[in-house]
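A structural walkthrough
The primary structure of each chain is shown beneath.
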Amino acid sequence: MKAPPPAWVFLILRCLVGGVFIYAGALKIRDPQAFADSIATFQLLPMAVINPLAIVLPPFEILVGLALMLGWWKRAMSLAVMILLAVFLVALASALARGLQVDCGCFGSGPPSAWKTWYALGRDVLLLGGAWILHRREWRAAGPA
Amino acid sequence: MTLGEATGGPGGADSWKILRKDMLTIGLVAIVSALSGFAINQFRGTPLPFAYQPRAERIAQAATRLGAPAPTETPTGDVEHIRLDRMASLVQEGGVLILDARASVFYKQGHIPGALNVSREEFEADYSRHREALEKDKTRPIALYCADESCHDSELVAQTLIRMGYQKVLLFRGGWYEWTHAGMAEEK
């Protein structure tokens, strides 16, 4: 049977995924109005939800990223990352399918472009893969089936 | 097949228990995030309001605070779209006010020579800062640009200036992207 990867591999993965989320959250917290405008361009949510989401999501990303990096509630936090990324991916895919010019708002704002949207999609798929690997390890460690 | 058997995880009812526990943990983090998010927002210089206002509404309200006539009044000015060659000759000749509608962070990185920063984002503050130069003669044409063709900020600023009584706004849709890609002069 193939030996599992050493623990430091998962530590690096946690730091990578967690670090990306901390960075993304920190950029959004700096300019909540720009982030709210980004959310609005996706035309998915009712207006009443946009600003509250712009206020709450960045600290959530930071806290989840920090907890993941520090190894707190690894199973739950990697699940939280997976859920967030799944939602982001659906939103991005929906925007591409509808031909919308969106700025994902992921890492601060800037002029939108289709290339940027595809890049965000690809990046989120990679992060989702990383989070899935982390969650799978913790889930299996919780006990045998 | 149980959830645990399907996913290689904990057996029987344990897998749902663990999943429930994890969702509770996520919920707790979400509550802490919400509380801290709203607290941070309250201490900002300009807190984000709970109700979202689209960009067009925000700049319209800024214009009202600056004393613009009501939006229902029919403006007398007009917006004309111009291309790079006309923009270049306007910059060379001088005689028109050139406005950069991008956010100040981009303006500071480089702008068309002689352009003043009157951004869509901080319209009220930027307009107030340049009020004297702008309102000296509202019949004088104003040349306006933002980032590129996909940027709507210049369109919003143009319409707002027309509403505020400016007679002629020349909108360079190609924007900073076309200007720099043509190798034109820049100013910082």
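Check the entry above for the structure.
Here we summarise the structure given alongside this text. This one's a predicted model, so the numbers in the text were calculated from it and none came from an experiment.

**Some points on the overall build of chain A**
A tally of regular secondary structure across chain A gives five helices and zero strands. Helices and strands appear in chain A in the N-to-C order α-α-α-α-α. Taken across its 145 residues, chain A has 44% of its residues classed as buried. Counting contacts in chain A only where the partners sit at least 6 residues apart, residues at least 24 apart contribute 72% of the total.

**Observations regarding the overall build of chain B**
From N to C terminus, chain B includes nine helices and five strands. Reading chain B from its N end, one meets helices and strands in the order α-α-α-β-α-β-α-β-α-α-β-α-β-α. In summary, chain B has a C-alpha radius of gyration of 25 Å against a globular reference of 16 Å for 188 residues, an excess of more than 25%. Once the C-alpha set of chain B is aligned to its principal axes, its extents read approximately 80 × 40 × 30 Å. Sorting the 188 residues of chain B into buried and exposed places 40% on the buried side. Here the contacts in chain B between residues at least 6 apart in sequence split such that 67% fall between residues at least 24 apart.

**Re the interface of chain A and chain B**
Accessible area lost when the parts come together is the quantity often used to give the size of an interface. Each partner contributes to the interface: chain A provides 38 residues, whereas chain B provides 41 residues. A combined buried area of about 3,000 Å² lies between chain A and chain B, and 69% of that area is made up of carbon and sulfur atoms. Applying the counting criterion to the chain A and chain B interface returns three salt bridges. Here Asp37 of chain A makes a salt bridge to Arg58 of chain B, at a shortest N to O gap of 2.7 Å. Between chain A and chain B we count six residue pairs in polar contact (both at pLDDT 80 or more) in total. Broken down by secondary-structure element, the contributors of at least two residues to the side of chain A that touches chain B are α1 (7-30), α2 (32-41), α3 (47-70), α4 (74-97) and α5 (114-141) of chain A. Broken down by element, the residue count for the side of chain A that touches chain B peaks at 12 residues, all from α3 of chain A.

**Some points on the pattern of salt bridges**
For the structure shown, the criterion picks out 15 salt bridges over all chains. Between Lys28 of chain A and Glu61 of chain A there is a salt bridge; the shortest N-O distance is 2.8 Å. Of this pair, Lys28 of chain A sits in helix α1 while Glu61 of chain A sits in helix α3; the two residues are 33 residues apart in sequence, bridging distant segments of the chain. Across the pair, Glu61 of chain A and Lys28 of chain A agree in class, each one buried. Between Glu124 of chain B and Arg65 of chain B there is a salt bridge, with its nearest N and O atoms 2.7 Å apart. One end of the pair, Glu124 of chain B, is in helix α6 (residues 123-129); the other, Arg65 of chain B, is in helix α3 (residues 55-65), with 59 residues separating them in the sequence. Residue classification places Arg65 of chain B among the exposed residues on the basis of a relative accessible area of 54%. One salt-bridge network, in which partners are shared between bridges, spans Asp78, Glu80, Arg86 and Lys168 of chain B.

**Some words on the packing of aromatic side chains**
Scanning the entire structure with this criterion turns up five aromatic pairs over all chains. Measuring from ring centre to ring centre gives 6.5 Å for Tyr127 of chain B and Tyr166 of chain B, while their planes differ by 80°; the resulting arrangement is edge-to-face. Here the residue Tyr127 of chain B occupies a position in helix α6, and Tyr166 of chain B occupies one in the loop between α8 (153-163) and β5 (168-172), the gap between them amounting to 39 residues. Side by side, Tyr127 of chain B and Tyr166 of chain B carry an identical accessibility label, which is buried. For Arg137 of chain A, the ring lying beneath its charged end belongs to Phe10 of chain A, and the centroid distance is 4.2 Å.

**As for empty space enclosed by the protein**
On inspection of all chains with the given rule, the structure shows two cavities of 30 Å³ or more. The computed volume of the second largest cavity comes to approximately 60 Å³. Together, Lys28, Ile29, Pro32, Ala54, Ile55, Pro58 and Pro59 of chain A together with Gly37, Ile40, Asn41 and Arg44 of chain B line the second largest cavity. Looking at the lining of the second largest cavity, the elements that each hand over two or more residues are α1 and α3 of chain A together with α2 (13-42) of chain B. A per-element tally of the lining of the second largest cavity places α3 of chain A first, with four residues. Looking at side-chain class alone, the lining of the second largest cavity contains seven nonpolar, two polar and two charged residues.

What counts and how
Residues numbered from 1 in each chain as written. Chains lettered and ligands numbered in written order. Predicted model: local features only at pLDDT ≥ 70, side-chain atom pairs only at ≥ 80, totals over all residues. Heavy atoms only, no water. Helix = DSSP H or I, 4+ residues; strand = E, 2+ residues; numbered from the N terminus. Buried < 20%, exposed > 50% of the residue type's maximum accessible area, 1.4 Å probe, protein only. Contact = heavy atoms within 4.5 Å. Rg over C-alpha atoms; globule rule 2.2 N^0.38 Å. Buried area = accessible area lost by both parts, 1.4 Å probe. Salt bridge = Lys/Arg side-chain N within 4 Å of Asp/Glu carboxyl O. Polar contact = N/O pair within 3.5 Å; in protein donor to acceptor, adjacent residues only side chain to side chain. Phe/Tyr/Trp six-rings, centres within 6.5 Å; stacked < 30°, edge-to-face > 60°. Lys NZ or Arg CZ within 6 Å of the ring centre and 35° of its normal. 1 Å grid on protein atoms, 1.4 Å probe; cavity = no way out; pocket = protein on both sides within 12 Å on 5 of 7 lines; lining within 4 Å. Points joined across faces, edges and corners; volume = space filled by probe spheres on them. Nonpolar A, V, L, I, M, F, W, Y, C, P; charged D, E, K, R; others polar.

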